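Architecture and fold: a report
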Amino acid sequence: MKKPFFIITQLLLVFLMACNSTTDQPQNANITSKSFGTLPSGEEVTQYIMTNNQGMEMSVITYGGIITSLTAPDKAGKYEDIVLGFDNLEGYLQDGVPYFGALIGRYGNRIAKGKFTLDSTEYELAINNIGNHLHGGLKGFDKVNWSAKEVEYADGVALELTYLSADGEEGYPGNLETKVTYQLGNDNTLLIDYMATTDKKTVVNLTQHSYFNLSAMKEDVLNHQLMVNADHFLPVDSTLIPTGELRPVEGTPFNFTEMKKVGADVNQENQQLTYGLGYDHCWVLNEGAGKMDLAAKAYEPNSGRTLEVYTSEPAIQVYTGNFLDGTLTGKGGTVYNKRTGLCLETQHFPDSPNQPEFPSTELNPGEKYESQTKFVFGIRE
């Protein structure tokens, strides 16, 4: 008969071997969900927590399709949240919240005077920004409750969001069926796939409005280094509507063809910077639309975090959080002061419905709106 001490020793050894066998293995990618609160309408908002097998985590709520948190590792391997947002639903329901983490539609960016014409019919939209229409209107896609479900994704986890925007909603024609899929890859990438169809000719320009801060909000974004793969940008008027000109970036503060600090030229005396209180402009990407080409790179030297943006869209709006003013307190009690976040919004040009020389944003029945953007998170020593 074996002695009790021997048996206990053997059991302890088996236990330790089992622990060691799992410690070095990647965790399983998974999605969990929980309630995030209830809207004034009585609709429940669900939060989905997406985790890849490296430990990167992204949380998405059905309200606005909002990315409420997104973690990425620094050069020491520490995962921290790198997007602005709130701890609870009430934060997102406040007046004046600037689209933190939200899906934007039907039309991302601005449409001059809230009007456009299709086939001789003029459509009038809500005016909600300096006499113009911005980001879908008073109740754009950022303020509706999307349907969500987990979908198969072999290389990570994926969440599919759907919403039917009814004919006439916010003034837009056509019943627009919209599907957006967030794919969080095991290689620490986020692929966003957009698709839409309509039963009546309309305009569509979808984007995602996360505010990134690769320092995990330890400082503002002026020390971030940025490259934008664009030789031209769109100058704007005093209400931030493009003038129609494609202006070369060379010799201007808008030249990010090579990596430079966001804050290097942002305070220069320049009419365009005055209009936007900094960068709030659309860059015309060199490779154009249709292929998944590099649009921008960002690097934060203290953390070592990097972000690369690839897109099939023809342009990217770079916004440096110029209108944040310290009146909003976000996750963990963080006060969002001016330039706390950097937005990299892949899209078609602003005001395209009124500027026929710009790439078209029209969508006809029988056609399919398709767009993809990929965010690649990495580390540089």
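Here the structure is shown first, and the text comes after it.
Note that this is a predicted model, so its numbers are computed, not measured.

Within the protein, the regular secondary structure consists of three helices and 28 strands. Rg of the C-alpha trace for the protein: 23 Å, near the compact-globule value of 21 Å for 381 residues, within the 12% margin. C-alpha extents for the protein along the principal axes are approximately 95 × 45 × 40 Å. Buried positions account for 54% of the 381 residues belonging to the protein. Pairs at least 24 residues apart make up 66% of the contacts formed inside the protein by residues separated by at least 6 positions. For the protein, the exposed surface amounts to about 16,500 Å²; the carbon and sulfur share of it is 49%. Charge centroids of the protein, computed over 28 positive and 48 negative side chains, lie 5 Å from each other.

All right, on to the nonpolar core then. Met 50, Met 58, Tyr 182, Leu 226, Trp 283, Leu 307 and Phe 377 are the most contacted members of the largest nonpolar core, which totals 58 residues. By size, the runner-up hydrophobic cluster in this structure holds 23 residues, among which are Phe 100, Ile 104, Tyr 336 and Cys 343.

Turning to unusual backbone geometry, a few remarks are in order. At the junction of Gly 105 and Arg 106, the peptide bond is cis and its omega measures out at 0° in the coordinates. Turning to its location among the elements, Arg 106 is positioned in the loop between strand E6 (102-104) and strand E7 (110-111). Although it is not a glycine, Ala 216 adopts a positive phi angle of roughly 60°. Tracing the sequence through the fold places Ala 216 in the loop between strand E17 (211-212) and strand E18 (225-228). Of note, Leu 277 is a non-glycine position whose phi angle comes to about 55°, a positive value. Mapping Leu 277 onto the fold places it in the loop between helix H3 (271-276) and strand E22 (280-284).

Residue placement: His 133 occurs in strand E10 (residues 133-134). Here Ala 126 takes part through its backbone oxygen, which lies 2.8 Å from a polar atom of the side chain of His 133. Of note is the side chain of His 133, whose polar atom sits 3.4 Å from the backbone nitrogen of Gly 137. Those residues within four positions of His 133 in sequence are excluded, and the remaining contacts are Asn 109, Arg 110, Ile 111, Gly 114, Leu 125, Ala 126, Asn 128 and Tyr 172.

This paragraph deals with the pairing of strand E3 (residues 57-61). By the criterion of burial, E3 is predominantly enclosed, with four of the five residues buried. Here strand E2 (residues 44-51) folds back onto E3 in antiparallel fashion, the turn holding five residues, of which Gly 55 has a positive phi close to 100°. Examined bridge by bridge, E3 and strand E4 (residues 67-73) share three bridges and lie antiparallel to one another. Bridge assignment links Met 58 to a residue of E4, and that residue is Leu 70.

Our focus in this paragraph is the packing of aromatic side chains. All told, the structure shown has 21 aromatic pairs when counted by the stated rule. Relative to Phe 377, the ring of Phe 212 lies with its centre 6.3 Å away and its plane at 55°, an arrangement referred to as tilted. Placement of Phe 212 in strand E17 and of Phe 377 in strand E28 (residues 369-379) is noted, with a sequence separation of 165 residues between them. The residues Phe 212 and Phe 377 share a single accessibility class, namely buried.

Before going further, it helps to examine the state of the cysteines. Tallied over the entire structure, the rule returns zero disulfides. You can see Cys 282 has no disulfide; the closest cysteine sulfur is in Cys 343, sitting 13 Å from it. On the basis of relative accessible area, Cys 282 is assigned to the buried category, the value being 3%.

Of all the seven residues making up E4, seven are buried; the element is thus mostly covered by neighbouring parts of the structure. What sits between the antiparallel neighbours E3 and E4 is a turn of five residues, in which Gly 64 has the positive phi angle 70°. Counted along the chain from E4 to the antiparallel partner strand E5 (residues 79-81), the turn is five residues long, and its residue Gly 77 has a positive phi close to 85°.

Its location among the elements puts Lys 374 in strand E28. Taking relative accessible area as the criterion, Lys 374 reaches 29% and is therefore assigned partly exposed. It is 4.3 Å that separates the C-alpha atoms of Lys 374 and Leu 191, two residues lying 183 residues apart in sequence.

Scoring rules and cut-offs
- Residues numbered from 1 in each chain as written.
- Predicted model: local features only at pLDDT ≥ 70, side-chain atom pairs only at ≥ 80, totals over all residues.
- Heavy atoms only, no water.
- Helix = DSSP H or I, 4+ residues; strand = E, 2+ residues; numbered from the N terminus.
- Rg over C-alpha atoms; globule rule 2.2 N^0.38 Å.
- Buried < 20%, exposed > 50% of the residue type's maximum accessible area, 1.4 Å probe, protein only.
- Contact = heavy atoms within 4.5 Å.
- Areas by Shrake-Rupley, 256 points an atom, 1.4 Å probe, with all protein chains shown as cover.
- Lys, Arg positive; Asp, Glu negative; His and termini not counted.
- Charge placed at Lys NZ, Arg CZ, Asp CG, Glu CD.
- Core = buried A, V, L, I, M, F, W, Y, C linked by side-chain atoms within 4.5 Å.
- Polar contact = N/O pair within 3.5 Å; in protein donor to acceptor, adjacent residues only side chain to side chain.
- Pairing = 2+ DSSP bridges.
- Phe/Tyr/Trp six-rings, centres within 6.5 Å; stacked < 30°, edge-to-face > 60°.
- Disulfide = S-S within 2.5 Å.

Worth remembering: the numbers are spatial, not functional.
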